[in-house]
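So the chains spell out like this:
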Amino acid sequence: MILPKDLHTYCRKKIFKRVIPCVILTCVFAVILLLWGNIIFNTNNKAFRTSCYIVVMMIPFAITGVPNKLIDSTYYGTVKKVDIVTTTDNDSSVKPTRERMYLKNIIYLTIETPNGKIIYKKAYSGKSRLQQNINAYNEGDLVFHLYGTKTVVVLPDSKDSTILCAVCGSLNNIENDKCRACNHSLIKRI
């Protein structure tokens, strides 16, 4: 798949924003362990000290989130199944008094790529009472996901008059080539 140049640059910047801090933190932790590792982990048990070093060297990866971002990729495919799960909303710090306001909907998509790979993706999470995006995804829709974003957008048909931006998720007129909110290229077809 060939992406427009600005989206390709966007993906590359997303990778560098995660990898560069991870490399810097790894180097800092390695220097600290080399200089003060014996003092910090003052034990004669070499196996325990080695396991402590390994755990400490994993901390930069956990802080920067590099493993999760390296797993992510740009893909497109056909929606095979739409699962809507209603759960209790534990994200908000203040809880309203009525039970129905506690609920949120989470939409999971089962997507089949052209090479036959099956991807299970969380596409949306929002308050249940608002019923937003409940009908946004249907079986058989062609969808697109851009690396580093949380959005999965449905590619427009000939009858559609609007399109969602793959970067920011804002709604645009189908005639636009660039997003009105973030000024990135809109993906109208693969």
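The following refers to the structure shown. In this text, all values refer to a predicted model and were calculated from it rather than measured experimentally.

What follows deals with the overall build of the protein chain. Within the protein chain, the regular secondary structure consists of three helices and seven strands. Reading the protein chain from its N terminus to its C terminus gives the helix and strand order α-α-α-β-β-β-β-β-β-β. Compactness check: the protein chain gives a C-alpha radius of gyration of 22 Å against a globular reference of 16 Å for 190 residues, more than 25% above the reference. Taken along its principal axes, the extent of the C-alpha atoms in the protein chain is 70 × 50 × 35 Å. Each of the 190 residues in the protein chain was classed as buried or not, and the buried ones make up 32%. Long-range pairs, those at least 24 residues apart, make up 49% of the contacts in the protein chain between residues at least 6 apart in sequence. A total of about 12,300 Å² of accessible surface is found on the protein chain, and carbon and sulfur atoms cover 57% of it. Of the side chains in the protein chain, 26 bear a positive and 13 a negative charge, and the two mean positions are spaced by 11 Å.

The next subject is the pattern of salt bridges. Pairing is possible between side chains of opposite charge, provided their charged atoms come close. Summed over all chains, the structure comprises five salt bridges. Between K178 and D6 there is a salt bridge whose closest N-O contact spans 3.8 Å. Taken together, the residues K178 in the segment after β7 (171-173) and D6 in helix α1 (residues 5-40) connect sequence positions 172 residues apart. In this structure K178 comes out as partly exposed when scored by relative accessible area, which is 38%. Between K159 and D157 there is a salt bridge whose closest N-O contact spans 3.0 Å. A relative accessible area of 68% places K159 in the exposed class. Among the residues examined, D157 registers a relative accessible area of 43% and is labelled partly exposed.

With that settled, the discussion passes to the environment of Y120. Following the sequence through the fold, Y120 ends up in strand β3 (residues 118-127). Classification of Y120 by relative accessible area gives exposed; the value is 53%. Separated by 88 residues in the primary sequence, Y120 and I32 have C-alpha atoms spaced 40 Å apart. When neighbours within four sequence positions are excluded, Y120 is seen to be in contact with D83, Y108, L109 and T110.

Of all hydrophobic cores here, the largest spans 15 residues; its most connected members are F144, L146 and V167. Among the elements that make up this core, the one with the highest residue count is α1 (three residues). Residues contacting L146, with those up to four places away along its chain left out, are L3, L7, Y10, C11, D72, S73, T74, A166 and V167. In this structure, A123, Y124, Y137 and V152 belong to the second largest nonpolar core, which totals eleven residues.

Before going further, it helps to examine helix α2 (residues 46-64). For α2, built from 19 residues, the straight-helix expectation of 27 Å at 1.5 Å per residue is met to within 8% by its first-to-last C-alpha distance of 29 Å. Looking only at α2, the buried set comprises R49, C52, V56, P60 and T64. Residues of α2 that are buried sit in contact with α1 and α3 (66-71). Between a side-chain oxygen at the N-terminus of α2 and the backbone nitrogen of A47 the separation is 3.2 Å; the capping residue is N45.

Parameters at a glance
Residues numbered from 1 in each chain as written. Predicted model: local features only at pLDDT ≥ 70, side-chain atom pairs only at ≥ 80, totals over all residues. Heavy atoms only, no water. Helix = DSSP H or I, 4+ residues; strand = E, 2+ residues; numbered from the N terminus. Rg over C-alpha atoms; globule rule 2.2 N^0.38 Å. Buried < 20%, exposed > 50% of the residue type's maximum accessible area, 1.4 Å probe, protein only. Contact = heavy atoms within 4.5 Å. Areas by Shrake-Rupley, 256 points an atom, 1.4 Å probe, with all protein chains shown as cover. Lys, Arg positive; Asp, Glu negative; His and termini not counted. Charge placed at Lys NZ, Arg CZ, Asp CG, Glu CD. Salt bridge = Lys/Arg side-chain N within 4 Å of Asp/Glu carboxyl O. Core = buried A, V, L, I, M, F, W, Y, C linked by side-chain atoms within 4.5 Å. Expected span 1.5 Å × (residues − 1). Polar contact = N/O pair within 3.5 Å; in protein donor to acceptor, adjacent residues only side chain to side chain.

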